[in-house]
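What follows is the residue order along each chain.
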Amino acid sequence: MDKNIFIKKSALRPTEEQRLLTKPFYQNANTIFQHFDDWKDIDRFYFIPLYMEMTYSINGIVAELAPDPVWLGSFVQTIRNHPDLFQFQCPMCGKPVLPYRFVGSPLSGRVDLEGYCACGWKGYQTVSGWFVRGEALRKQMAADTLRYHKFRILHPGTRPATFEELLDTLKR
Ligand SMILES: [Zn+2]
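How each quantity is defined
- Residues numbered from 1 in each chain as written.
- Predicted model: local features only at pLDDT ≥ 70, side-chain atom pairs only at ≥ 80, totals over all residues.
- Pairing = 2+ DSSP bridges.
- Helix = DSSP H or I, 4+ residues; strand = E, 2+ residues; numbered from the N terminus.
- Axes fitted to C-alpha atoms, helices over the stretch in contact; angles between N-to-C directions.
- Expected span 1.5 Å × (residues − 1).
- Bend = angle between axes of the 7 residues up to and from the residue.
- Buried ≥ 20, exposed ≤ 12 C-beta atoms within 10 Å, placed from the backbone.
- Contact = placed C-beta atoms within 7 Å.

**Student:** Help me understand the sheet that holds strand 7 (residues 101-104) in this model?
**Tutor:** The strands making up a sheet associate through backbone hydrogen bonding, with each pair oriented either parallel or antiparallel. Across the sheet, which stays open at both edges, the three strands sit in the order 7-8-9 with antiparallel pairing between neighbours. The sheet terminates laterally at strand 7 and strand 9 (122-128), the two strands that pair on one side only. Adjacent strand axes in the sheet meet at a mean angle of 25°, parallel and antiparallel pairs treated alike.

Structure follows, in C-alpha cells:
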C-alpha cells in the first residue's frame, strides 16, 4: 500500500474560502505594509490569518517554509525586519519591493519572492536560501505566540478582523 495514503493532504491545503480571505492581502499588500505602524498594535489586525500555501510536499513528506495560517503581523514584521532576505529592487524603476508572498522548494533551495511596485511592475524575484527564510518567519511567529494567547484569553470570543475592516480603518 502506498504510504502516502496516510498523509492527510486536505488538512494541509487551505480551503477555497481561506484562499479567498487571503486574496485582499495580495491586492493591497503595499498599502498594508506602508501603514504597518497604524495597525501593528491592534491584536485583531495583527492576527488576521493568512493562508498562503507555503508548504512544500515531496512524496507525501511535508516541508514547511511556514505553516498555514501565518499571522499578518508576523509576516509583515518579518519582511520589514529582514530586508536582506525579503526585499529586492524593482527591475523597472529600482525602488524596493516588499513581497506579499514567497514560495520555494527545499530541494533546490530556491525561493520566489512575489510582489509589485508602485510603478506598475508585478512579478517575482528568484533567490536562493529556502531554509533561512522559513526560519526567519517561524522565529517571528514564535516571538508573537505569547501575544496571540493573551489576545485569545483576555478577549474570548473576539475574532481577528477581516481585510475589509483593516482597509476601512486605514482609509479613515
Ligand atoms: Zn518599480
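**Student:** I keep staring at helix 2 (residues 16-34) and nothing clicks. Help me out?
**Tutor:** For an α-helix, the turn length of 3.6 residues means that residues three or four places apart are oriented alike. The terminal C-alpha atoms of helix 2, which comprises 19 residues, lie 28 Å apart, in line with the 27 Å expected from a rise of 1.5 Å per residue. The axis of helix 2 is deflected most strongly, by about 75°, at Asn 28. Restricting attention to buried positions, one finds in helix 2 the residues Thr 22, Phe 25, Ala 29 and Ile 32. Each element contacted by the buried residues of helix 2 is listed here: strand 1 (49-50), helix 5 (72-81) and helix 8 (163-171).

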